[in-house]
Amino acid sequence: MANLSLQLRDYRLTTAEILYHMPDHPKLLQSYLWQDLDLAPEYPVLRRFLDFWQANLDGKLHSVKLATQKLITPAEARVVAAEFRWQ
């Protein structure tokens, strides 16, 4: 139920692909996928996660790619070109 209340407050499903340098081999990059409900365009949940990462994890961040999608959208109405009926 908490997810629904967040979505009604315009939180969106946010996916981030985080590339970071491996601690033992800094020239190699590793990918990490993060996903949560977040509020665009500030992304406070993602920012808290990235702040935690930088403060507590050894892998130095390289880049973050972001994708977001609203989960609750207005109903879509469209005209139907044909109608089929079975008897």
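All residue numbers refer to position in the chain's written sequence, counted from 1. Since the coordinates come from a predicted model, pLDDT governs what is reported: local features require at least 70, and pairs of side-chain atoms require 80 or more to be given and counted, while whole-chain, interface and lining totals use all residues. With hydrogens and water stripped out, all remaining heavy atoms of the structure feed into the side-chain values.

A. Here's a closer look at the nonpolar core. By size, the foremost hydrophobic cluster in this structure holds 11 residues: Ala16, Ile18, Tyr20, Trp34, Tyr43, Val45, Leu46, Phe49, Leu50, Trp53 and Leu61. Looking at this core, the elements that each hand over two or more residues are strand 1 (12–21) and helix 2 (44–56). At 5 residues, the largest contribution of residues to this core is made by helix 2. With sequence-adjacent residues up to four places away left out, Ile18 is seen in contact with Gln30, Ser31, Tyr32, Trp34, Phe49, Leu50, Trp53, Leu61, Ser63 and Val64. Grouping buried Ala, Val, Leu, Ile, Met, Phe, Trp, Tyr and Cys residues that are joined through side-chain atoms within 4.5 Å yields what is termed a nonpolar core. Burial classification: accessible surface area is computed with a 1.4 Å probe over protein chains only, and a residue below 20% of its type maximum counts as buried, one above 50% as exposed, and the rest as partly exposed. Secondary structure is summarised from DSSP: a helix means a run of H or I of at least four residues, a strand means a run of E of at least two, and numbering begins at the N terminus for each. Any two residues whose heavy atoms approach within 4.5 Å are treated as being in contact.

B. Here's a closer look at the pattern of salt bridges. In the sections that follow, a salt bridge refers to a side-chain nitrogen of Lys or Arg positioned within 4 Å of a carboxyl oxygen of Asp or Glu. For the structure on display, the rule yields 2 salt bridges. For Asp10, the salt bridge goes to Arg12, with nearest N and O atoms at 3.8 Å. Among the residues examined, Asp10 registers a relative accessible area of 32% and is labelled partly exposed. Between Asp10 and Lys70 there is a salt bridge whose closest N-O contact spans 3.6 Å. Separated by 60 residues along the polypeptide, Asp10 in the loop between helix 1 (2–8) and strand 1 and Lys70 in the segment after strand 3 (61–69) bring together distant segments of the chain. Lys70 sits in the partly exposed class, given a relative accessible area of 36%. Each of Asp10, Arg12 and Lys70 takes part in salt bridges that share partners, so that together they form one network.

C. Geometry of the sheet that holds strand 3. Read from one edge to the other, the open sheet built from 3 strands follows the order 2-1-3, with strand pairing classed as antiparallel. At either margin of the open sheet sits one strand with a lone partner, and together these are strand 2 (29–38) and strand 3. The mean angle between the axes of side-by-side strands here comes to 20 degrees, regardless of whether they run parallel or antiparallel. Running at roughly 145 degrees to strand 2, helix 2 makes contact with strand 1, strand 2 and strand 3 of the sheet. Between any two strands, at least two bridges found by DSSP are needed for them to pair. Helix axes are fitted to C-alpha atoms over the stretch in contact, other axes to C-alpha atoms as well, and angles between N-to-C directions run from 0 to 180 degrees.

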